Amino acid sequence: MGSDRETKTHGPFTAIFERGEDGWWVATCPEVPGAITQGQTIEEARENLKDAVELMLEVMREDAERELEGKEGVIREILEV
């Protein structure tokens, strides 16, 4: 994806493309709530959706880590799927 972020994502994920009223393509990923974007072409919408999925997963990970701060009796490990 050309990103230098540490977040690693693995798919496959489902991409849904719908033509908007303005002629742009709206793209969503049902497995990642909040991952929604658009593009003038499906190709542009697809690339934007890849970025949106990666960013949403990164935000969700950061939120989860913040919730764990200061908690005792918690084990944190990397889970590869």
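The structure under discussion appears in the preceding block.
Residues numbered from 1 in each chain as written. Predicted model: local features only at pLDDT ≥ 70, side-chain atom pairs only at ≥ 80, totals over all residues. Heavy atoms only, no water.

Caption draft 1: Summary view of the pairing of strand β1 (residues 16-19). Both β1 and strand β2 (residues 25-28) contribute to a ladder of four bridges, which runs antiparallel. Along β2, the bridge assignment pairs Arg19 with Trp25. Hairpin connection between β1 and β2: a loop of five residues separates the two successive antiparallel strands, and Gly23 in this loop has a positive phi of roughly 90 degrees. (Pairing = 2+ DSSP bridges. Helix = DSSP H or I, 4+ residues; strand = E, 2+ residues; numbered from the N terminus.)

Caption draft 2: Focus on the sheet that holds β2. Across the sheet, which stays open at both edges, the three strands sit in the order β1-β2-β3 with antiparallel pairing between neighbours. In this open sheet, the two strands that pair with only one neighbour each are β1 and β3 (36-39). Sheet twist, expressed as the average angle between the axes of neighbouring strands with direction ignored, equals 25 degrees. Sitting on the sheet, helix α1 (residues 42-68) touches β1, β2 and β3, and the angle it makes with β3 is about 155 degrees. (Axes fitted to C-alpha atoms, helices over the stretch in contact; angles between N-to-C directions. Contact = heavy atoms within 4.5 Å.)

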